[in-house]
Amino acid sequence: MTKYKVAIATWYNYKNYGTALQAGAMTNCISKLGGDAFMLAYEPKGTLINTTPLAFASFIKRCTKRLFGRRTSLYLSAERDELFDFYLKERVNETAECRTFPELRSMSEGFDAILCGSDQIWNTDITRGINKGFFLDFKTNGKKISYAASMGIPRLEEKYEKDFVNAVENIDCVSVREDTLKEYINSLTDKEVEKVVDPTLLLEKEDYNDLLKENMIDGKYLLIYALGPDERLTKIAEQKAAEKNLKIVELNDFKLKEYFCEQVSNAGPEEFLTLIKNAEVVVTNSFHGTVFSLLYNKPFYTIKVNEYIDARAENLLTELGLESRLVDIGEECNWDMNFNDIQSRMDIYVKKSLPYFILGPFFMVVEACGEFILPFLNKDIIDNGAAKADVDY
């Protein structure tokens, strides 16, 4: 049987756990559906900021405080970079590099479908305006799909809205990750938009088990995973660790000679999963820190940052009835979590996306080729998807 080729336009090659794991999850999902997935190695020259101004400012503040305030030295881990490179090489198929929009358009030829997402690929603060590549705003014979695309900001500057609307309307199937983005698009256009789960949630924890490594930490521990410096997070972690007599381990992309707890700075995506799976509890301000704590049934506390950064985690936790896990200093949250009940709600939440992921994009792919969808899909996926999604195939 001929396999269908799907190209994916997103950023995936940055040393961020969520970024790498969502790329691997999307590839895995498409493979389970019987397709061949390829990441478009699109890194637009001079038009992409690797991080937001807020995150950059936060990093500088953190470095200054820790380097000069504590007279410590900071270094980044080359081993960490190598582990990320290894993960992507093993888990993701890449096209040849394309650095310009014409190169991207040319590289996209020959695919049955082209998908953009997930992650904040529509965040104009990062892409310095509307980047047409991440909207698939070019002519192609393949169907154009967005899956769990995110914008990361509540609305665009007015000067970008016209181009944004034109780009979105040229996508055949549109889905986004947050309610706020769906509502924003609906306020600008009549285009039908679905809200779907992050691709990491389309897989179950068993799908990640072959990524697990031998744990690098001995004994029982509380894991801190923070996107930036946050003294509130540290205080909550110290309080919760003391309650259960746990040592504290912090996962960082840097390491300090002097610090209040054990540090891990040489972890790639696989080690990240291993650290969460073996922790007694997780304290984080990261969306994907929250996601994998849920998948591995770990008690967790997601610390508030601001309304924009919190939106993803808040959407997820609200769907699961876990709003109380999004906390700040002084807000009480107990240890007890009924993971059987949580898993039931998670299944209901995820199944809302399965009809879109299975019947939406891929129906369009095979329909475009004049074939019916059933020969394209693996029978186990059809059976499982039908059971979870209550869909008649």
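Just so we're clear, the structure is a prediction, and the values are computed from it rather than from any experiment.

(A) Broad picture of the packing of helix 3 (residues 78–91) against helix 10 (residues 269–278). Between helix 3 and helix 10, the least distance of the axes is 7 Å, while the angle of their chain directions is 100°. Between helix 3 and helix 10, the angle falls in the class roughly perpendicular. From helix 3, Leu 83, Phe 84, Phe 86, Tyr 87 and Arg 91 reach across to helix 10, where they touch Pro 269, Glu 270 and Glu 271. A class-by-class count of the residues in the contact of helix 3 with helix 10 yields five nonpolar, no polar and three charged.

(B) The pairing of strand 2 (residues 35–39), seen in detail. Side-chain alternation along strand 2 places Gly 35, Ala 37 and Met 39 on a buried face and Asp 36 and Phe 38 on a face that remains uncovered. Pairing of strand 1 (residues 4–9) with strand 2 involves five bridges; the strand directions are parallel. Across the sheet, residue Tyr 4 finds its bridge partner in strand 2, namely Gly 35. Since strand 1 and strand 2 lie parallel, the crossover through helix 1 (residues 17–32) that links them has a hand, and here it is right-handed.

(C) Local environment of the confidence of the model for the protein chain. With 80% of its residues at a pLDDT of at least 70, the protein chain reaches an overall mean of 82. Taken element by element, the predicted model of the protein chain shows its lowest mean pLDDT in helix 16 (residues 379–389) (40) and its highest in helix 10 (97). Taken as a whole, residues 51–58 scores under 50 in pLDDT and shows six contacts with residues more than four places along the chain or in a different chain. Within the model, pLDDT remains below 50 along residues 363–393, and this stretch shows 56 contacts once partners closer than five positions in the same chain are excluded.

(D) Local environment of the packing of aromatic side chains. One pass over the structure, following the stated rule, counts 14 aromatic pairs. Between Tyr 42 and Phe 134, the ring centres sit 5.3 Å apart and the planes meet at 55°, which makes this aromatic pair tilted. In this pair, Tyr 42 sits in the loop between strand 2 and helix 2 (53–69) while Phe 134 sits in the loop between helix 5 (124–127) and strand 5 (143–146), placing the two residues 92 residues apart along the sequence. For the pair Tyr 42 and Phe 134, one class covers both residues: buried. Seen from their ring centres, Tyr 225 and Phe 272 are 5.2 Å apart, and the 70° between their planes marks the pair as edge-to-face. Residue Tyr 225 is located in strand 8 (residues 221–225), and its partner Phe 272 is located in helix 10; the two are separated by 47 residues in the primary sequence. Relative accessible area serves as the criterion here: at 7%, Tyr 225 is assigned to the buried category. Members of the aromatic cluster, connected to one another through ring pairs, are Tyr 17, Phe 84, Tyr 208, Tyr 225, Phe 272 and Phe 292.

(E) Seen up close, the sheet that holds strand 1. Strand order in this open sheet of four strands is 2-1-4-5, and the pairing throughout is parallel. At either margin of the open sheet sits one strand with a lone partner, and together these are strand 2 and strand 5. With direction set aside, neighbouring strand axes in the sheet form an average angle of 25°. Examined bridge by bridge, strand 4 (residues 113–116) and strand 5 share four bridges and lie parallel to one another. When the sheet's bridge partners are listed, Ala 113 is paired in strand 5 with Lys 143. Where helix 1 meets the sheet, its contacts fall on strand 1, strand 2 and strand 4, and the angle it forms with strand 2 comes to roughly 160°.

(F) Inspection of the nonpolar core at higher detail. Grouped together as the largest cluster of nonpolar side chains are 65 residues, with contacts concentrated most on Leu 201, Tyr 208, Leu 223, Leu 251, Phe 272 and Phe 292. Per-element tally for this core: the top contributor is helix 1, with eight residues. Beyond its immediate sequence surroundings of up to four residues, Phe 272 is in contact with Tyr 17, Leu 21, Tyr 225, Leu 251, Ala 267, His 288, Gly 289 and Phe 292. Listed in part, the 33 residues of the second largest apolar core include Tyr 42, Leu 104, Cys 116 and Trp 122.

(G) Representation of the pattern of salt bridges in the model. With the rule as written, the count across this model stands at 14 salt bridges. Arg 177 is paired through a salt bridge with Glu 178; the nearest N and O atoms lie 3.1 Å apart. Glu 178 carries the same exposure label as Arg 177, and that label is buried. Each member of the salt-bridge network shares a partner with another, and the members are Arg 177, Glu 178 and Asp 198.

(H) Just the sheet that holds strand 12 (residues 281–284), in detail. The strand order across the open sheet built from six strands is 11-9-8-12-13-14, with neighbouring strands paired in parallel fashion. Both edges of this open sheet fall to strand 11 (262–264) and strand 14 (326–327), since each of them pairs with a single strand only. As paired elements, strand 8 and strand 12 share four bridges and run parallel to each other. Its bridge partner being in strand 12, Leu 222 is matched across the sheet by Val 281.

(I) Examining unusual backbone geometry more closely. Look at the link from Gly 117 to Ser 118: it is a cis peptide, with omega at 0°. One non-glycine residue, Asp 119, adopts positive backbone phi at about 80°. With respect to the helices, strands and loops of the structure, Asp 119 is situated in the loop between strand 4 and helix 5. In this model, Asn 245 sits at a positive phi of 55°, which is unusual for a non-glycine residue. When you line up the elements, Asn 245 lands in the loop between helix 9 (231–244) and strand 9 (247–251).

(J) Main features of a nonpolar patch on the surface. On the surface, Val 305, Tyr 308 and Ile 309 cluster together into a nonpolar patch covering about 240 Å² of accessible area. Residue position: Tyr 308 is located in helix 12 (residues 307–319).

Criteria and cut-off values
- In this convention, every chain numbers its residues from 1, walking through the sequence in written order.
- Local features are withheld for residues below a pLDDT of 70 in this predicted model, meaning they are given only at 70 or higher, and side-chain atom pairs are given and counted only at 80 or more; totals for whole chains, interfaces and linings count all residues.
- Computation of side-chain values covers all heavy atoms of the structure but excludes hydrogens and water.
- Interaxial angle, 0 to 180 degrees, is taken between N-to-C directions of lines fitted to C-alpha atoms, where a helix line uses only the stretch in contact.
- Helix numbers and strand numbers start at the N terminus; a helix is a DSSP run of H or I with at least 4 residues, a strand a run of E with at least 2.
- Roughly parallel here means an angle under 35 degrees, roughly antiparallel means over 145, roughly perpendicular means 65 to 115, and every remaining angle is called oblique.
- Any two residues having at least one pair of non-hydrogen atoms within 4.5 Å are treated as being in contact.
- Amino acids outside the nonpolar list (Ala, Val, Leu, Ile, Met, Phe, Trp, Tyr, Cys, Pro) and the charged list (Asp, Glu, Lys, Arg) are all regarded as polar, and Gly is one of them.
- Three exposure classes are used, based on accessible area relative to the maximum for each residue type with a 1.4 Å probe and protein chains only: buried under 20%, partly exposed in between, and exposed over 50%.
- Should DSSP find at least two bridges between two strands, the strands are taken to pair.
- A right-handed crossover is one whose linking path, passing over the helix from the first strand to the second, runs clockwise when the strands point away from the viewer.
- Each residue gets a pLDDT score, which is the predictor's confidence in that residue and runs from 0 to 100.
- Here a pair means two rings of Phe, Tyr or Trp (six-membered ring of Trp) with centres within 6.5 Å. Their orientation is stacked below 30 degrees between planes, edge-to-face above 60, and tilted elsewhere.
- Working definition of a nonpolar core: buried Ala, Val, Leu, Ile, Met, Phe, Trp, Tyr and Cys residues. They are joined through side-chain atoms within 4.5 Å.
- For salt bridges, the criterion is a side-chain nitrogen of Lys or Arg within 4 Å of an Asp or Glu carboxyl oxygen.
- A patch is a set of surface residues, each over 30% in relative accessible area and not in a salt bridge, joined within 9 Å for like charges and within 5 Å for the nonpolar side chains Val, Leu, Ile, Met, Phe, Trp and Tyr.
- For accessible areas, the Shrake-Rupley method is used with a probe of radius 1.4 Å. Any residue's cover is judged against the shown protein chains and nothing else.

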